[in-house]
Amino acid sequence: MSRIHPPEFGDLSPDISEILLTENQIQQRVGELAGEISELYRDKNPVLVGVLKGVLFFMADLLRALPIATEVDFLSVANYGGDSRKQGPVRLVKDLETPIEGRHVLFVEDVIDTGLTLNYLLRTLKARQPASLEVCVLFNKPTKRLIDIPLRFKGFDIPDRFVVGYGLDFHEKYRNLPFVGLLKPGVFSPKL
Ligand code: 5GP
Ligand code: MG
Ligand code: MG
């Protein structure tokens, strides 16, 4: 992938070393995914389920591009130990408000890495007996996958690098970048 220099984005620009996916590339792919999704779920009134907060931008753009009736709901998880990059068990800190028994559920995720988070959440949702349960993930990092999870809809395969932007954070920062990029090495040094 060719190296693209970040456009000016105020205070945040100096922290970004490289853009992996531009705003245009992301928007175009989200539109394509919306097309595929609407074919599967036409007349099924699916519930799109997202995990806060990383999926915020993807969910908003996907919903606006979906020309079918849908509902949307969110849940939130915490990794034990608080560091979202550590592998390990997660715990539900905010549950869905929608009963999903008998409903067609599309699980919408921003990024899948080891698959541990998604695996835990899918098991939890499956126990509620939805009519169907599929996964749509925007950024797939295949390299460190520990659990094989069928991804019905997938945006991009990306390398095993820590990315920020388009909803993805580093210590709650950088979510508002409209592109996905890499942080300069110096940014990772502890400054909490
Ligand atoms: P998994 O359980 O699949 O290893 O990790 C999933 C979670 O780790 C994601 O939902 C996200 O919160 C976090 N994560 C994984 N890779 C990245 C990344 O490159 N950037 C950011 N900001 N978070 C990531
Ligand atoms: Mg996520
Ligand atoms: Mg995070």
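All figures in this text were calculated on a predicted structure; none of them were measured in a lab.

The rules behind each value
- Residues numbered from 1 in each chain as written.
- Chains lettered and ligands numbered in written order.
- Predicted model: local features only at pLDDT ≥ 70, side-chain atom pairs only at ≥ 80, totals over all residues.
- Heavy atoms only, no water.
- Near = heavy atom within 4 Å.
- Polar contact = N/O pair within 3.5 Å; in protein donor to acceptor, adjacent residues only side chain to side chain.
- Areas by Shrake-Rupley, 256 points an atom, 1.4 Å probe, with all protein chains shown as cover.
- Helix = DSSP H or I, 4+ residues; strand = E, 2+ residues; numbered from the N terminus.
- Nonpolar A, V, L, I, M, F, W, Y, C, P; charged D, E, K, R; others polar.
- Buried < 20%, exposed > 50% of the residue type's maximum accessible area, 1.4 Å probe, protein only.
- Pairing = 2+ DSSP bridges.
- Core = buried A, V, L, I, M, F, W, Y, C linked by side-chain atoms within 4.5 Å.
- Contact = heavy atoms within 4.5 Å.
- Phe/Tyr/Trp six-rings, centres within 6.5 Å; stacked < 30°, edge-to-face > 60°.
- pLDDT = per-residue confidence, 0-100.

A.B. asks: What am I meant to see in the site of ligand 1 here?
C.D. replies: Taken together, the neighbourhood of ligand 1 is formed by 16 residues, with Thr114, Thr117, Lys141, Val163 and Asp169 sitting nearest. For ligand 1, an oxygen atom lies 2.8 Å from a polar atom in the backbone of Asp113. Take Arg161: an N or O atom from its main chain is 3.5 Å from an oxygen atom of ligand 1. For ligand 1, the protein covers 87% of the area, taking 510 Å² as the surface of the free molecule. Those elements that place two or more of their residues in the shell around ligand 1 are strand S5 (104-112) and helix H3 (116-126). By residue number, the principal contributor to the shell around ligand 1 is S5, which donates four residues. By residue class, the composition of the shell around ligand 1 is six nonpolar, four polar and six charged.

A.B. asks: Explain the pairing of strand S1 (residues 16-21) to me, please; I cannot follow it from the model alone.
C.D. replies: In summary, the side chains of a regular strand alternate between the two faces of the sheet. Burial analysis of S1 places five of its six residues in the buried class, which makes it a mostly covered element. In this sheet, strand S9 (residues 180-183) lies alongside S1 in antiparallel orientation, the contact comprising four bridges. In the sheet register, Ile19 faces S9, and the bridge partner there is Gly181.

A.B. asks: How do you make sense of the nonpolar core when you look at a structure like this?
C.D. replies: Inside soluble globular proteins, nonpolar side chains tend to come together where they are buried. Ranked by internal contacts, the top residues of the largest apolar core, which has 28 residues, are Phe58, Leu62, Leu138 and Phe139. Within the residue set of this core, elements represented by two or more residues are S1, helix H1 (23-41), helix H2 (56-65), S5, strand S6 (132-140), strand S7 (153-157) and S9. In terms of residues, this core owes the most to one element, H1, which gives six residues. Phe139 has contacts with Leu21, Ile26, Asp110, Val111, Ile112, Phe156, Ile158, Tyr166, Leu168 and Val180, leaving out every residue within four places of it along the chain.

A.B. asks: What is the right way to look at the packing of aromatic side chains in this model?
C.D. replies: Two aromatic rings are characterised by how far apart their centres lie and by the angle between their planes. Under the defined criterion, the tally for this structure stands at three aromatic pairs. Judged by centre distance (6.2 Å) and plane angle (20°), the rings of Phe139 and Phe156 are stacked. With Phe139 in strand S6 and Phe156 in strand S7, the pair connects residues that are 17 residues apart, well separated along the chain. This pair shows no difference in class: Phe139 is buried, exactly as Phe156 is. Ring centres of Phe162 and Phe170 lie 5.9 Å apart, and the angle between their planes is 75°; on these two criteria the pair is classed as edge-to-face. Like Phe170, Phe162 is buried.

A.B. asks: Can you help me understand unusual backbone geometry in this one?
C.D. replies: The omega torsion across Leu52 and Lys53 is -5°, close enough to zero to call that bond cis. With respect to the helices and strands, Lys53 occurs in the loop between strand S2 (47-52) and H2. In the Ramachandran plot, Tyr166 falls in the positive-phi region, its phi being about 45° despite a non-glycine side chain. Summarising the element assignment, Tyr166 is placed in the loop between strand S8 (163-164) and S9.

A.B. asks: When you look at the confidence of the model for the protein in this model, what are you seeing that I'm missing?
C.D. replies: Interpretation of the predicted coordinates at a detailed level should be avoided for regions scoring low in pLDDT. In the predicted model, the protein carries a mean pLDDT of 91, and 89% of its residues have values of at least 70. Across the whole predicted complex the pTM is 0.91, and at the interface the ipTM reaches 0.95.

A.B. asks: Whenever I open this one, the sheet that holds S1 confuses me. Can you help?
C.D. replies: Spatially, three strands are ordered S1-S9-S8 in an open sheet, and the strand pairing comes out antiparallel. In the strand order of this sheet, the two ends are held by S1 and S8, each with one partner.

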